[in-house]
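# Examination of the molecular architecture
Each chain is listed here by its residues.
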Amino acid sequence: MKNTAPILAERDKQALQTFGKPNKIDFVALSFCRNAQDVKDARAFLNSIGMQGTKIVGKIENMEGLVNYKEIMNACDVVLLSRGSMGNCVDPEKMFLAQKMLLRECNLAGKPIYVTRVVDTMVDAPRPTRAEATDVANLVLDGADGIVLGSETFRGKFPVATVETVLAICRQAEKCFDSFAYYNSVMDFAGFHSINPNIGKTEALATAAVRAATKLKAAMIVVFTVTGRSASFIAKYRPKQPILTVVLRSTNQDGSDNTAIVAVPAELEDGAQVVVPRLSTNGLKWHCTGDFVARQCLQYRGVLPVCADPSLGSPDGAILKAALQSVSVSLCRTLCTVKYLACTCQHVKCHGHFTRP
């Protein structure tokens, strides 16, 4: 029996209008997403109430969603595999097949994917089982962009210890991740190693950057962008280096600044969104109000996004220096947990240009 109820109930729509829109939420998760039409209906409603910049997470947690995973993956911005609910309709011996299939398909498509239910034991115990610890590491090695903790933190007895334990496992697994082998596997699957590959300019640039960074053993890949597309393409190939993504303001063809009049991300022909912060002023001070768009770039594994302060000048000069200074602070603490967004602030460790999200 199929569920024919609308993906967004009236209560959901009211919550989005009264809470989501005023608070400029980054993501809307669609529970029990069944097909691409569910995502399209949600997107149409979000657009109708002025939430064009909010991205959609398609939660695959039943058999109908699993059967239609490809169309859901293509329609949504992020995929989330809910293993708890999925376990009610998939045999235990087949669960790993669904998980690995979704991880691989999303990796090849460059679509962020998250997985839930990893250390359930830590709801009541201070340490996970060996099987759970291995499961977390395998998710990292299989290409997951992130891990979502649920009952382990919202009703568990050891929420902080749970987060620290999962992060420690992820860091250790990242050290064992063979980035170059992964890069070659994606290139081979897409046919980019052939003599006449069918590859776009942006992806060609991304693949070349990842290969060069690997060969040169670079410490970091720096991307200047106004769309976020270059960073997402580079993240698709899972380089070993962190991807510092400096989001610049856009300009008109005549060279005039277009940042101040951009209210929401603009839609490109291929569906990509222009990531441009909007500047506003109260007559005394300028404020960056588009940082939530850049914050959404954190969904990609390995990406460290910052918004460029337009008062700093040249992108390859003061902006780059300030961005590197900002990220160096987070890298010294922990690359996995501390990320910075840029704005015009007075944060002492950000040299007055960058701050935490």
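A brief look at the structure comes next.

Parameters and conventions
- Residues numbered from 1 in each chain as written.
- Predicted model: local features only at pLDDT ≥ 70, side-chain atom pairs only at ≥ 80, totals over all residues.
- Heavy atoms only, no water.
- Helix = DSSP H or I, 4+ residues; strand = E, 2+ residues; numbered from the N terminus.
- Buried < 20%, exposed > 50% of the residue type's maximum accessible area, 1.4 Å probe, protein only.
- Contact = heavy atoms within 4.5 Å.
- Areas by Shrake-Rupley, 256 points an atom, 1.4 Å probe, with all protein chains shown as cover.
- Expected span 1.5 Å × (residues − 1).
- Axes fitted to C-alpha atoms, helices over the stretch in contact; angles between N-to-C directions.
- Parallel < 35°, antiparallel > 145°, perpendicular 65-115°, else oblique.
- Left-handed = near helix turned anticlockwise from the far one by under 90°.
- Core = buried A, V, L, I, M, F, W, Y, C linked by side-chain atoms within 4.5 Å.
- Pairing = 2+ DSSP bridges.
- Phe/Tyr/Trp six-rings, centres within 6.5 Å; stacked < 30°, edge-to-face > 60°.
- Lys NZ or Arg CZ within 6 Å of the ring centre and 35° of its normal.
- 1 Å grid on protein atoms, 1.4 Å probe; cavity = no way out; pocket = protein on both sides within 12 Å on 5 of 7 lines; lining within 4 Å.
- Points joined across faces, edges and corners; volume = space filled by probe spheres on them.
- Nonpolar A, V, L, I, M, F, W, Y, C, P; charged D, E, K, R; others polar.
- Salt bridge = Lys/Arg side-chain N within 4 Å of Asp/Glu carboxyl O.

Let us now look at the overall build of the chain. Helix and strand content of the chain: 14 helices and 12 strands. Burial status across the chain gives 45% buried among its 357 residues. For the chain, the proportion of contacts with a sequence separation of at least 24, taken over those separated by at least 6, is 63%. Counting every atom, the chain has about 18,300 Å² of accessible surface; 56% of that belongs to carbon and sulfur.

The next point concerns helix α6 (residues 95–109). Look at α6: 21 Å from first C-alpha to last across 15 residues, which is about the 21 Å you get at 1.5 Å a residue. Here α6 has its buried residues at M95, A98, Q99, L102, L103, C106, N107 and L108. Phi for G110, located one or two positions after α6, is positive at around 70°.

Taken N-terminus to C-terminus, the directions of helix α7 (residues 130–141) and helix α9 (residues 159–176) make an angle of 45°; their axes are 9 Å apart at the nearest point. As summarised for this structure, α7 and α9 are arranged oblique, according to the angle between their axes. Both α7 and α9 take part in a crossing whose hand is right-handed. On the side of α7, the interface is formed by A133, V136, A137, V140 and L141, while α9 contributes V166, I169, C170, A173, E174 and C176.

With that out of the way, let us pick up the nonpolar core. L16, L30 and I60 are the most contacted members of the largest nonpolar core, which has 42 residues in total. For this core, the element with the most residues is α6, which contributes five residues. Counting residues in each nonpolar core, the second largest holds 19 residues, with V186, V210, I234 and C297 among its members.

Time to look at the sheet that holds strand β1 (residues 27–30). Sheet strands pair via backbone hydrogen bonds, and the direction of the pair is either parallel or antiparallel. Ordered by their spatial adjacency, five strands build an open sheet running β1-β2-β3-β4-β5, and the pairing between neighbours is parallel. The open sheet terminates on both sides in strands that have one partner only, identified here as β1 and β5 (146–148). Across the sheet, the axes of successive neighbouring strands diverge by a mean angle of 25°, strand direction being ignored. Pairing of β1 with strand β2 (residues 55–60) involves four bridges; the strand directions are parallel.

Let us look at the packing of aromatic side chains. Tallied over the entire structure, the rule returns three aromatic pairs. One aromatic cluster is present, built from ring pairs that chain together F180, Y183 and Y237. Over the ring of F177 we find R301; its NZ or CZ atom is 4.8 Å from the centre of that ring.

Here strand β6 (residues 221–225) shows a clear split, with I221, V223 and T225 buried on one side and none of V222 and F224 buried on the other. Bridging between β6 and strand β7 (residues 243–247) involves five bridges; their strand directions are parallel. The partner of T225 across the bridge, within β7, is V247.

A complete count under the given rule lists two cavities of 30 Å³ or more for this structure. In terms of lining, the largest cavity is formed by C106, N107, G110, K111, P112, D145, A235, K236, R238 and Y300. Elements represented by at least two residues in the lining of the largest cavity include exactly α6 and α12 (229–236). By residue class, the composition of the lining of the largest cavity is four nonpolar, two polar and four charged.

Before going further, it helps to spend a moment on unusual backbone geometry. With the exception of glycine, most residues fall at negative phi, and the peptide bonds are largely trans. The residue K24 is not glycine, and still its phi comes out positive at about 50°. Looking at K24, the relative accessible area reads 46%, which means it is partly exposed. Unusually for a residue other than glycine, R117 sits at a positive phi of about 55°. Position of R117 relative to the elements: it lies in the loop between β4 (113–116) and α7. Judged by its relative accessible area of 39%, R117 falls in the partly exposed class.

It is possible for side chains of opposite charge to pair when their charged atoms get near one another. What the rule picks out here adds up to nine salt bridges. Between R83 and D135 there is a salt bridge; the shortest N-O distance is 2.6 Å. Here R83 is found in helix α5 (residues 83–86), whereas its partner D135 is found in helix α7, with 52 residues between them in sequence. In this structure, K236 and E203 form a salt bridge, with 2.8 Å as the shortest nitrogen-oxygen distance. With K236 in helix α12 and E203 in helix α11 (residues 201–216), this residue pair connects regions lying 33 residues apart in the sequence. Judged on exposure class, the residue K236 and its partner E203 are both buried.

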